[in-house]
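Listed below, chain by chain, are the residues.
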Amino acid sequence: MDILPFRRACLIAALLLLGSSAGVFGQTAGSSPSIEGIADYQGSDRAQRLLAGAKKEREFTLYTNIAATDLDKLKADFEKRYGVTMKVWRAAPEVILQRVMAEAKAKRFDFDAVHISTPEMEVLHREGLLQAVNSPHMKELVPVAIPAHREWAATFLSVWVQAYNTNQIRKEDLPETYADLLNPKWKGKLGIEAKNTEWFYTVAKEMGEEEGLKYFRKLVATNGISVRRGTSLLNNMVVSGEVPLALTVYNFMAEQSKQNGAPIDWFVIEPAIARGNAVGVSKKATHPYSAVLFYDYMITDAQKLLASMEHVPTNKSIPSRLSSFKLKLVDPASVLDESEKAERLYDEIVVRAAK
């Protein structure tokens, strides 16, 4: 039986159902002058105005999928800096979309700010749920972090790297190119995450789509790939040695495990594929000052904290362990427009073939 592409189904459902309630957030009836003015204000006292307003609001609600341990650190830092309580609802990006969809249909506006992956953020933009923010701090970010519509800003990148068990594989034996993975010595040693469609299709298109798809078919046929559901599980399988070399592990997961003494390390076959994680403000935020304050925080003061947690910050002045590598960012608009095709190909070429 084919695996249901749950994430794509949620994206499509969000588009369809939210489309039926788009008037809730329409440009005329749904826009709030107050949130527009707060988000667009460029005066030299912007920070002071945001903080004063946020202190009066006292709290705001954030929907996010940031890892729990990292979220705890960000929450503590934000509340200590500003004295504003951050109420959090944490779930997977597709689940957050479902909740926002249901709330929009019911004309409820529970979230003030949201921080999830850029493809899901692009859905929220297309449905008119987000407020454009004209923060003066945007100039400090890498250009790809800011879409033209300015309704979200990428705060850090999740970079897929290759991870290996240091007890089973020597550093000098690591593959340097994707072609090296076709060597028979890697037979039975490779692993991949079951939903890494974005990584797969971006790599294939970098090779030239036809040649890239041919490459993956050959890789699976020649050496096989063990498919695991969940990036954390795949990372743990590398640590245990059950998967000696994983093709798609987030850099921060492998690095954190390494620093904790696990027999794991990571490397990069360039270009490393990365997906943005972004912050946005609800067009119907009931705590608009706090929401915009959090937006500015995530692209300024939070950047060094994110780097310390092994994330790749989008601030141009803050280095990361991946600064020296060539990165290729997943285009969130393309993910939405090509998701059905990409997931069908990934399921056919990798997931089902690996079984």
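Residues numbered from 1 in each chain as written. Predicted model: local features only at pLDDT ≥ 70, side-chain atom pairs only at ≥ 80, totals over all residues. Heavy atoms only, no water.

> It is not clear to me how the packing of helix H3 (residues 46-57) against helix H11 (residues 288-298) should be interpreted in this structure. Could you clarify?
Geometrically, a packed helix pair is captured by the angle between its two axes and the distance between the axes. Here H3 crosses H11 at 130 degrees, and the two axes come no closer than 7 Å. As judged from the angle between their axes, H3 and H11 are oblique. Here the hand of the crossing between H3 and H11 comes out left-handed. Counting all contacts with H3, which are made through Arg46, Arg49, Leu50, Leu51, Gly53, Ala54 and Glu57, the residues of H11 involved are Pro288, Tyr289, Ser290, Val292, Leu293 and Asp296. For the contact of H3 with H11, the residue count by class is 7 nonpolar, 2 polar and 4 charged. (Axes fitted to C-alpha atoms, helices over the stretch in contact; angles between N-to-C directions. Helix = DSSP H or I, 4+ residues; strand = E, 2+ residues; numbered from the N terminus. Parallel < 35°, antiparallel > 145°, perpendicular 65-115°, else oblique. Left-handed = near helix turned anticlockwise from the far one by under 90°. Contact = heavy atoms within 4.5 Å. Nonpolar A, V, L, I, M, F, W, Y, C, P; charged D, E, K, R; others polar.)

> So what exactly am I meant to see when it comes to the layout of surface pockets here?
A water-sized probe rolled over the atoms picks out the places where empty space is left. Size it by volume and the largest pocket reaches roughly 750 Å³. Taken together, 30 residues line the largest pocket, and the ones lying closest to its centre are Asn65, Pro93, Thr231, Tyr250 and Arg275. Where the lining of the largest pocket is concerned, the elements lending two or more residues are helix H5 (93-105), strand E5 (153-165), helix H7 (197-206), helix H9 (231-240), helix H10 (251-259) and strand E10 (272-282). Take the lining of the largest pocket: its biggest share by element is 3 residues, from E5. Residue composition of the lining of the largest pocket, grouped by class: 10 nonpolar, 10 polar and 10 charged. (1 Å grid on protein atoms, 1.4 Å probe; cavity = no way out; pocket = protein on both sides within 12 Å on 5 of 7 lines; lining within 4 Å. Points joined across faces, edges and corners; volume = space filled by probe spheres on them.)

> Got a minute to help me understand the pattern of salt bridges in this structure?
Pairing between side chains of opposite charge can happen when their charged atoms approach one another. In this structure the tally under the stated criterion is 23 salt bridges. The shortest N-O distance in the salt bridge between arginine 49 and aspartate 45 comes to 3.2 Å. Taking the shortest distance from any N to any O, the salt bridge between arginine 217 and glutamate 348 comes out at 3.3 Å. With arginine 217 in helix H8 (residues 209-223) and glutamate 348 in helix H13 (residues 332-354), this residue pair connects regions lying 131 residues apart in the sequence. (Salt bridge = Lys/Arg side-chain N within 4 Å of Asp/Glu carboxyl O.)

> Would you explain the confidence of the model for the protein chain in this entry?
If pLDDT is low for a region, its predicted coordinates should not be looked at in detail. Taken residue by residue, the protein chain gives an average pLDDT of 90. The fraction at 70 or more is 90%. Low pLDDT (under 50) marks residues 1-5, which in the prediction has 7 contacts with non-local residues, meaning those over four places away or in another chain. Note on residues 18-33: pLDDT is under 50 here. Beyond four places in sequence and across chains, it has 30 contacts. (pLDDT = per-residue confidence, 0-100.)

> Looking at this model, I keep getting lost on the environment of isoleucine 38. Mind explaining?
Along the chain, isoleucine 38 turns up in helix H2 (residues 33-40). Once the C-alpha coordinates of isoleucine 38 and proline 175 are considered, the two residues, 137 residues apart in sequence, prove to be 51 Å apart. In contact with isoleucine 38, other than residues within four places in its own chain, are Arg46, Leu50, Pro288, Tyr289 and Val292.

> Explain the nonpolar core to me, please; I cannot follow it from the model alone.
In terms of nonpolar packing, the biggest core is built from 55 residues, with Val159, Leu181, Trp199, Phe200, Phe216, Leu219 and Leu245 touching the most fellow members. Tallying contributions element by element places H13 first for this core, with 7 residues. (Core = buried A, V, L, I, M, F, W, Y, C linked by side-chain atoms within 4.5 Å. Buried < 20%, exposed > 50% of the residue type's maximum accessible area, 1.4 Å probe, protein only.)

> How should the packing of aromatic side chains be read in this particular structure?
The geometry of an aromatic ring pair is captured by the separation of the ring centres together with the interplanar angle, meaning the angle of the planes. One pass over the structure, following the stated rule, counts 19 aromatic pairs. Summarising the aromatic geometry, the rings of phenylalanine 78 and phenylalanine 294 are spaced 5.7 Å apart at their centres and angled 75 degrees between planes, so their arrangement reads as edge-to-face. Here the residue phenylalanine 78 occupies a position in helix H4 (residues 68-82), and phenylalanine 294 occupies one in helix H11, the gap between them amounting to 216 residues. Neither phenylalanine 78 nor phenylalanine 294 differs from the other in exposure class; each is buried. Cluster of aromatic residues (ring-pair linked, three or more members): Tyr178, Trp199, Phe200, Tyr215, Phe216 and Tyr346. Positioned above the aromatic ring of tryptophan 89, the side-chain terminus of arginine 99 is 4.2 Å from the ring centre. (Phe/Tyr/Trp six-rings, centres within 6.5 Å; stacked < 30°, edge-to-face > 60°. Lys NZ or Arg CZ within 6 Å of the ring centre and 35° of its normal.)

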